[in-house]
Amino acid sequence: MKKTPESRVPAIQKMTNAVSGRKTTLAIHASRVACSLGMLLPGNSKWRAAGNLYLGVTTTVLQARHRYGTDGADQVATQVQAVTGLARLPVSPQVKDALMWYLAIQANMSYAASGWAKMAGTMWRDGSALPGVMRTRTYGWERAYRLTQRYPRASKITQHGVLAMECLFPVVYLAGGRLTRPVIAAAGSFHVANAFVMGLGRFMTAFPAMHPMVAYTTAPKSFPVVADRDDRMVKTALVLLAGGVTAAGVMATQRRARAVAGWPTSRTVTTRNGNVLTYDTGGQDHPDRPVLVFNHGLASTTEHFAWMVERLAFDLGYASVTYSRAGYGPSKRLRDTPYTVQESVNDLEDLIREALPEDRKVVLVGHSLGGELNRRVVRQLGDRVAGVVYLDPTHPAQLVRSDKQRKGSEIFTESLALMSLWTKLGFGALLGRPDWVNDLPAAYRKKVFAHYADSRLWVAADQEWKAVREELENYTGNLEPLPVPGLVIAAQLTVDTDPEQLLMYHDIARSHEAGDQHGEVVVVERGGHDTILTDPRHTRTATELVADFVREHCTPRAPSAVQESDENPSGKVGDTK
């Protein structure tokens with residue numbers, strides 16, 4: 001819990017520690033119960049204001065310790081307690097109206113955002129969401145699930161009714177307040193049903209706590225009780241919204257510029273497909289050593305290899321090439337035909353043939369999907385390939401052989417489509433920086449986050465995944481023998497959660513052994529699919545494995561003087577980033 005963002009501020013850490021003791025925690029909870037009971041009694045508004053504010057503050061204080069208070073219902077309840085507490089203080093009527101409008105606008109945003117987010121996915125539109133939820137142990141109810149199966153049409157109508165209520169909640173402000181009661185009744189019924197069917201009891205009290213503010217702000221001013229209501233908060237909110245949209249647009253433009261700019265020393269290659277690939281070189285020029293060519297994974301960037309390239313190229317002196325596939329980052333996909341996986345394979349072949357001398361051998365290093373693309377290009381490059389390194393790679397049969405991968409692919413497909421849609425609409429400005437970005441070297445973080453928050457990465461990934469998934473779902477046969485050495489570096493978290501993955505990794509290694517070459521699988525302890533690249537501890541382990549493999553199996557035996565250059569590299573050749 002101390003690793004959560006809100007707990008990293010020293011002042012908050014002190015406050016969290018102060019309330020973390022068992023006796024202190026019980027005392028605070030007991031006082032909250034007493035305050036809540038008091039709030040149910042009639043009394044002076046000033047005391048009720050103090051009670052509101054106390055409940056809001058203590059919920060916030062306790063949530064960093066207990067994680068209780070982080071659900072949507074708890075966030076709404078805290079907002080209502082804090083804002084109504086402020087409104088009950090001796091402030092002007094205009095301030096009270098502004099605070100009531102604030103909660104009413106929050107209510108509209110809560111429902112509308114939830115509805116349109118559901119609308120973007122396919123499960124709510126095709127009617128499979130409700131039965132899916134009712135089947136779960138967390139929120140499900142077997143009797144309700146059986147009813148959805150017995151009456152699928154009624155189930156679908158119910159789901160579409162929920163979507164309509166949430167998406168169209170702001171229409172409550174139309175028709176001079178005549179829609180207030182039916183809309184609030186529909187929303188309240190929804191929360192009551194969720195409380196009994198899904199066990200979301202706190203939702204039943206939290207969200208309807210905003211409904212009186214909706215009723216107050218929708219009432220026409222012909223009603224004496226609201227005749228003097230100050231509605232300037234609406235204009236203020238619209239101005240703030242316009243300012244936020246403008247700021248988001250500026251931020252998106254800046255991030256797009258950073259994402260497509262490449263590095264100062266970047267170069268480009270135009271492939272047979274008409275795509276323009278941007279690549280970077282680094283390390284030292286030892287003609288007797290192969291060049292390491294790095295191929296990133298799906299929805300990933302070349303900068304994910306930062307720790308590994310820094311070590312291999314700049315510490316150990318290996319020449320390296322990193323590049324972005326067409327559509328990612330600064331690379332452009334200009335081909336106007338539907339994307340195929342073979343397109344990326346051909347692009348990779350063209351990159352190597354044009355960017356490197358004809359007699360220079362390469363070791364292909366690929367993460368996830370990049371490893372599978374590298375495997376496919378080996379035959380096309382022939383004796384140019386000195387070896388292949390797979391970093392927790394994709395296996396062409398993984399959706400056929402692994403139930404976990406097959407189920408995960410459905411969620412992944414939906415997630416990619418949503419990320420592509422929302423980032424194209426500009427919501428990338430709302431994304432927070434993930435922890436794994438902060439684990440990368442400092443010089444790469446801004447650019448990686450710019451990629452992550454920009455729609456280009458997600459659109460390219462969505463396009464790739466559709467073609468890749470179709471091939472993986474229809475894969476038959478065995479892997480062909482590859483006449484080059486191969487090393488599979490597996491992440492322990494991957495093989496622990498899905499043992500079938502380890503079997504498939506050995507399958508990849510055996511394809512190299514079938515070509516009378518070295519084939520090996522090594523597991524990085526405690527490493528995850530992404531952290532073997534982003535976490536410097538796991539990356540160092542993986543990097544040393546790569547260096548040993550290249551030295552032992554991919555590099556011709558050299559005089560001792562050359563071998564010593566591993567320890568003390570000097571004389572950098574080529575561009576670096």
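Treat the numbers as computed from the prediction; the structure is a model and nothing was measured.

**Student:** Report on a nonpolar patch on the surface, specifying residues and quantitative values.
**Tutor:** The grouping of Leu 421, Leu 425, Phe 427 and Leu 430 at the surface amounts to a nonpolar patch, some 410 Å² of accessible area in total. Note that Leu 425 resides in the loop between α18 (403-424) and α19 (435-438). Relative accessible area serves as the criterion here: at 54%, Leu 425 is assigned to the exposed category.

**Student:** Lay out unusual backbone geometry in plain terms, naming residues and giving numbers.
**Tutor:** In this model, Ala 175 sits at a positive phi of 65 degrees, which is unusual for a non-glycine residue. Tracing the backbone through its elements, the reader meets Ala 175 in the loop between α9 (152-167) and α10 (180-197). For Ala 175, a relative accessible area of 33% translates into the label partly exposed. Positive phi, close to 65 degrees, is recorded for Arg 526, a residue that is not glycine. Considering the arrangement of structural elements, one finds Arg 526 in the loop between β8 (519-524) and α24 (531-534).

**Student:** So what's going on with the nonpolar core? Which residues, and what values?
**Tutor:** In terms of nonpolar packing, the biggest core is built from 59 residues, with Val 293, Leu 351, Ile 352, Val 362, Leu 364 and Val 385 touching the most fellow members. Counting residues per element, this core draws most heavily on helix α21 (residues 455-473), at eight residues. Contact partners of Leu 351, with chain neighbours within four places excluded, come to Val 269, Leu 277, Tyr 279, Tyr 323 and Leu 356. Core analysis: the next-biggest nonpolar cluster, separate from the first, contains 27 residues, Leu 292, Phe 305, Leu 312 and Ala 491 among them.

**Student:** Tell me about the packing of helix α5 (residues 93-120) against α9, residues and numbers included.
**Tutor:** In contact at an axis separation of 7 Å, α5 and α9 are set at 135 degrees when each is read in the N-to-C sense. Compared by their axis directions, α5 and α9 come out oblique. For the element pair α5 and α9, the recorded crossing hand is left-handed. Counting all contacts with α5, which are made through Tyr 111, Ala 112, Ser 114, Gly 115, Trp 116, Lys 118 and Met 119, the residues of α9 involved are Leu 163, Met 165, Glu 166 and Cys 167. Its residues assigned to classes, the contact of α5 with α9 comprises seven nonpolar, two polar and two charged.

**Student:** With reference to specific residues and values, describe the pairing of strand β4 (residues 320-323).
**Tutor:** Side-chain alternation along β4 places Ser 320 and Thr 322 on one buried face and Val 321 and Tyr 323 on a second face that is also buried. With four bridges connecting them, strand β2 (residues 276-282) and β4 associate as antiparallel partners. In the strand pairing of β4, Thr 281 is matched with Val 321. Read as a crossover between parallel neighbours, the route from strand β3 (residues 291-295) over helix α14 (residues 306-315) to β4 is right-handed.

**Student:** Account for helix α20 (residues 442-453), naming residues and giving values.
**Tutor:** Because the α-helix completes a turn every 3.6 residues, residues three or four places apart line up on one side. For α20, built from twelve residues, the straight-helix expectation of 16 Å at 1.5 Å per residue is met to within 8% by its first-to-last C-alpha distance of 18 Å. Elements in contact with the buried residues of α20: α13 (232-260), α14, α18, α19 and α21.

**Student:** Can you explain the pattern of salt bridges? Please cite residues and give values.
**Tutor:** Summed over all chains, the structure comprises 29 salt bridges. With a shortest N-O distance of 3.1 Å, Arg 360 and Asp 285 are connected by a salt bridge. In this pair, Arg 360 is assigned in the loop between α15 (341-355) and β5 (362-367) and Asp 285 in the loop between β2 and β3, connecting sequence segments 75 residues apart. The exposure class assigned to Arg 360 is buried, which follows from its relative accessible area of 10%. Among the residues examined, Asp 285 registers a relative accessible area of 39% and is labelled partly exposed. Note that Asp 315 and Arg 311 form a salt bridge whose closest N and O atoms lie 3.6 Å from each other. Of this pair, Asp 315 and Arg 311 are both found in helix α14, four residues apart, which corresponds to roughly one turn of the helix. Judged by relative accessible area, which is 38%, Asp 315 ranks as partly exposed. Among the ionic contacts, a cluster of salt bridges with common partners joins Arg 272, Glu 349, Asp 350 and Arg 353.

Here is what the cut-offs are and how they apply
- Residues numbered from 1 in each chain as written.
- Predicted model: local features only at pLDDT ≥ 70, side-chain atom pairs only at ≥ 80, totals over all residues.
- Heavy atoms only, no water.
- Patch = residues over 30% accessible without salt bridge, like charges linked within 9 Å, V, L, I, M, F, W, Y side chains within 5 Å.
- Areas by Shrake-Rupley, 256 points an atom, 1.4 Å probe, with all protein chains shown as cover.
- Salt bridge = Lys/Arg side-chain N within 4 Å of Asp/Glu carboxyl O.
- Helix = DSSP H or I, 4+ residues; strand = E, 2+ residues; numbered from the N terminus.
- Buried < 20%, exposed > 50% of the residue type's maximum accessible area, 1.4 Å probe, protein only.
- Core = buried A, V, L, I, M, F, W, Y, C linked by side-chain atoms within 4.5 Å.
- Contact = heavy atoms within 4.5 Å.
- Axes fitted to C-alpha atoms, helices over the stretch in contact; angles between N-to-C directions.
- Parallel < 35°, antiparallel > 145°, perpendicular 65-115°, else oblique.
- Left-handed = near helix turned anticlockwise from the far one by under 90°.
- Nonpolar A, V, L, I, M, F, W, Y, C, P; charged D, E, K, R; others polar.
- Pairing = 2+ DSSP bridges.
- Right-handed = clockwise from strand over helix to strand, strands pointing away.
- Expected span 1.5 Å × (residues − 1).

The values reported here are purely geometric and, on their own, carry no functional implication.
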